[in-house]
Amino acid sequence: MAEHLGDRLVRLRRLADLTQEGLAEKSGVSSDVIKRLEQKRKHSARLPTLHALAQGLGVELTSLLGDPPGVPSTGDADPPQLVAVRRAIMPPLFAPPPEPNGAERLTVPLLRQEIADAWTLYHGAEFGRLMEVLPGVINDARFVAAVGNADGRAAGQAALGKALQLAGHLTIRLGKTDLALSALERAMNAAEQSSDPLLAPMVSNSVAWNYQRQNRLDDAENLAVYAADHVERDHIDTAEGVRVWGGLLMSAATSAARLGDYATANDMMTTAEKATTRLATLPPPENGRMVSVFSRSSVRIERVRLAVQHARPEEAIRLAKGMRLSADTPPSWRTWLLLDVARAHTDLGNAEGAVKALTRLHEIAPAWMRHHTLAVAIVTDLWAMPNRPPGLRKLVQFLGVAAN
């Protein structure tokens, strides 16, 4: 069973040598909220509250609330699969470059297909399998980026940048935000030598997400806005450009909301959603898996998330109602939507609606759900309600929530 938020808060507060009152003073979060979290009378908290607590404790947000599969920073040695990813991101000094597998048949189109398939694993939350294949993909990209004529090397640098960007995303998911930043810095260097003018702003979006995870919200918002302005000026006439610009605008909105400026965030999201209509008038990207996720579905999913995180459950349900997900919506985004809808129903006291969303989540992503702390918190809150609808006990047993 996942560690309760209250247990993590107690452990981190004691490591920081703070009383509950001391943490309240440093974070601006009331001591009553801190006490209820630590006593497990409150099972979850809004993201602005978590950001404030993390800042008061002097830790990254991931220390309080991680994403699946969540590798805790316990001081234990990294597992071999993560060591291999780390080695691919940061090759050992003075070592000769690794030979790619099947060098005689390795081409840029084949390499791009490898990278697109790896991104599919990522969006399917198959992180274990991705850790197995990603080091080889990065090594292949490094080889292609170093051989051939100038055009071939530039195309190889584009592939290398995209592979290292994926390494950054994976390591963020694993709670290794400093390693992720190293991967993304290398991805940016490759982007600057590449043939893809949109790769640098895409990597900037990933860096902004990493900053969010490190509670560097001002840095995240400023970077996303800066990159979005450049894309809007030079590349807004293609579907690829619209998708990259839209993804950056969504990222900036998320940071603004977490800084407490929900009105600005909502304006940005509304602007982004209106811009999705342009995609229908433009030729689609050659390979959508290699470009930022941006569609009306993705904007709506993120708007639902922000509404839930900022105590607006009625707005979240309204935004989610009747939503038709586009075919290119990644599985990971679909699972987040179901979890956020369940949270909104729970906040409204609608246990039946919450269980319905969680049951669907259990059907399509059981492994993802089992490791997600928010899913456990929601089910725990539902079990504490006086009315327990059919299907709730099954979820309680699946997640290992204590059932009295």
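Owing to the predicted nature of the structure, the values given are computational and were not obtained by experimental measurement. (Residues numbered from 1 in each chain as written. Predicted model: local features only at pLDDT ≥ 70, side-chain atom pairs only at ≥ 80, totals over all residues. Heavy atoms only, no water.)

(A) Region of interest: the overall build of the protein. Per the secondary structure count, the protein includes 20 helices and zero strands. Along the first, second and third principal axes, the C-alpha atoms of the protein reach 70 × 50 × 40 Å. Burial status across the protein gives 54% buried among its 404 residues. Taking the contacts inside the protein whose residues are at least 6 apart along the sequence as the reference set, 69% of them involve residues at least 24 apart. Carbon together with sulfur atoms contributes 51% to the accessible area of the protein, which is approximately 18400 Å² in total. Taken together, the 46 basic and 44 acidic charged side chains of the protein have centroids lying 7 Å from each other. (Helix = DSSP H or I, 4+ residues; strand = E, 2+ residues; numbered from the N terminus. Buried < 20%, exposed > 50% of the residue type's maximum accessible area, 1.4 Å probe, protein only. Contact = heavy atoms within 4.5 Å. Areas by Shrake-Rupley, 256 points an atom, 1.4 Å probe, with all protein chains shown as cover. Lys, Arg positive; Asp, Glu negative; His and termini not counted. Charge placed at Lys NZ, Arg CZ, Asp CG, Glu CD.)

(B) The arrangement of the side chain of Ser 194 in detail. Counting through the fold element by element, Ser 194 comes out in the loop between helix H9 (177-192) and helix H10 (199-213). For Ser 194, a relative accessible area of 17% puts it in the buried group. Of the polar contacts made by the side chain of Ser 194, one reaches the backbone oxygen of Ala 191; its length is 2.8 Å. At a separation of 3.2 Å, a polar atom in the side chain of Ser 194 contacts the main-chain amide nitrogen of Asp 196. In this view, Ser 194 contacts Ala 154, Gln 157, Ala 158 and Leu 199; residues no more than four positions away in its chain are not counted. (Polar contact = N/O pair within 3.5 Å; in protein donor to acceptor, adjacent residues only side chain to side chain.)

(C) Structural view of the nonpolar core. The biggest cluster of nonpolar side chains holds 115 residues, and the ones touching the most others in it are Leu 339, Leu 358 and Leu 382. With eleven residues, the single largest contributor to this core is helix H12 (residues 239-258). Ignoring any residue separated from it by four or fewer positions in sequence, one finds Leu 358 in contact with Leu 339, Ala 342, Met 369, Ile 378, Val 379, Leu 382 and Leu 395. Counting residues in each nonpolar core, the second largest holds 17 residues, with Leu 12, Val 29, Ile 34 and Leu 53 among its members. (Core = buried A, V, L, I, M, F, W, Y, C linked by side-chain atoms within 4.5 Å.)

(D) Looking closely at the pattern of salt bridges. Counted according to the given criterion, the structure contains 14 salt bridges. Here Asp 219 ties to Arg 216 by a salt bridge, and the two come within 3.1 Å at their closest N and O atoms. Here Asp 219 falls in the partly exposed class, since its relative accessible area comes to 36%. Looking at Arg 216, the relative accessible area reads 31%, which means it is partly exposed. Via salt bridges that share partners, Glu 273, Arg 296, Arg 300 and Arg 303 belong to a single interconnected network. (Salt bridge = Lys/Arg side-chain N within 4 Å of Asp/Glu carboxyl O.)

(E) Representation of unusual backbone geometry in the model. Even without a glycine there, the phi angle at Asp 17 is positive, about 55°. Topologically, Asp 17 is positioned in the loop between helix H1 (5-15) and helix H2 (20-27). For Asp 17, a relative accessible area of 71% translates into the label exposed. Unlike most non-glycine residues, Ala 311 shows phi in positive territory, near 60°. Turning to its location among the elements, Ala 311 is positioned in the loop between helix H14 (296-309) and helix H15 (313-320).

(F) Molecular detail of the side chain of Ser 251. Note that Ser 251 resides in helix H12. Accessibility expressed as a relative area gives 8% for Ser 251, which makes it buried. Among all residues touching Ser 251, those that are not within four sequence positions of it are Asn 205, Ala 208, Gln 212 and Ala 224.

(G) Examining the packing of aromatic side chains more closely. Taken as a whole and judged by the stated rule, the model has two aromatic pairs. Ring centres 5.8 Å apart and planes at 80° place the aromatic pair Trp 119 and Tyr 122 in the edge-to-face group. Here Trp 119 and its partner Tyr 122 are both found in helix H6 (residues 108-123), three residues apart, which amounts to about one turn of the helix. Looking at Trp 119, the relative accessible area reads 5%, which means it is buried. With a centroid separation of 5.8 Å and 50° between ring planes, the pair formed by Tyr 122 and Phe 127 is classed as tilted. For the pair shown, Tyr 122 and Phe 127 are each scored as buried. Above the face of the Trp 336 ring, Arg 305 is positioned so that its terminal group lies 4.4 Å from the ring centre. (Phe/Tyr/Trp six-rings, centres within 6.5 Å; stacked < 30°, edge-to-face > 60°. Lys NZ or Arg CZ within 6 Å of the ring centre and 35° of its normal.)

(H) Representation of H14. When the terminal C-alpha atoms of H14 are compared, their 20 Å separation across 14 residues agrees well with the 20 Å that a helix rising 1.5 Å per residue should span. Burial analysis of H14 places 13 of its 14 residues in the buried class, the great majority of the element. A positive phi of about 60° marks Ala 311, the residue just after H14. (Expected span 1.5 Å × (residues − 1).)

(I) Quick look at the environment of Arg 300. Residue placement: Arg 300 occurs in helix H14. Residue classification places Arg 300 among the buried residues on the basis of a relative accessible area of 16%. Measuring from C-alpha to C-alpha, the distance between Arg 300 and Ala 311 comes to 17 Å, with eleven residues separating the pair along the chain. When sequence neighbours within four positions are dropped, the list of residues in contact with Arg 300 reads Glu 273, Leu 319 and Met 323. Looking at Arg 300, its side chain comes within polar contact range of the side chain of Glu 273, at 2.8 Å.

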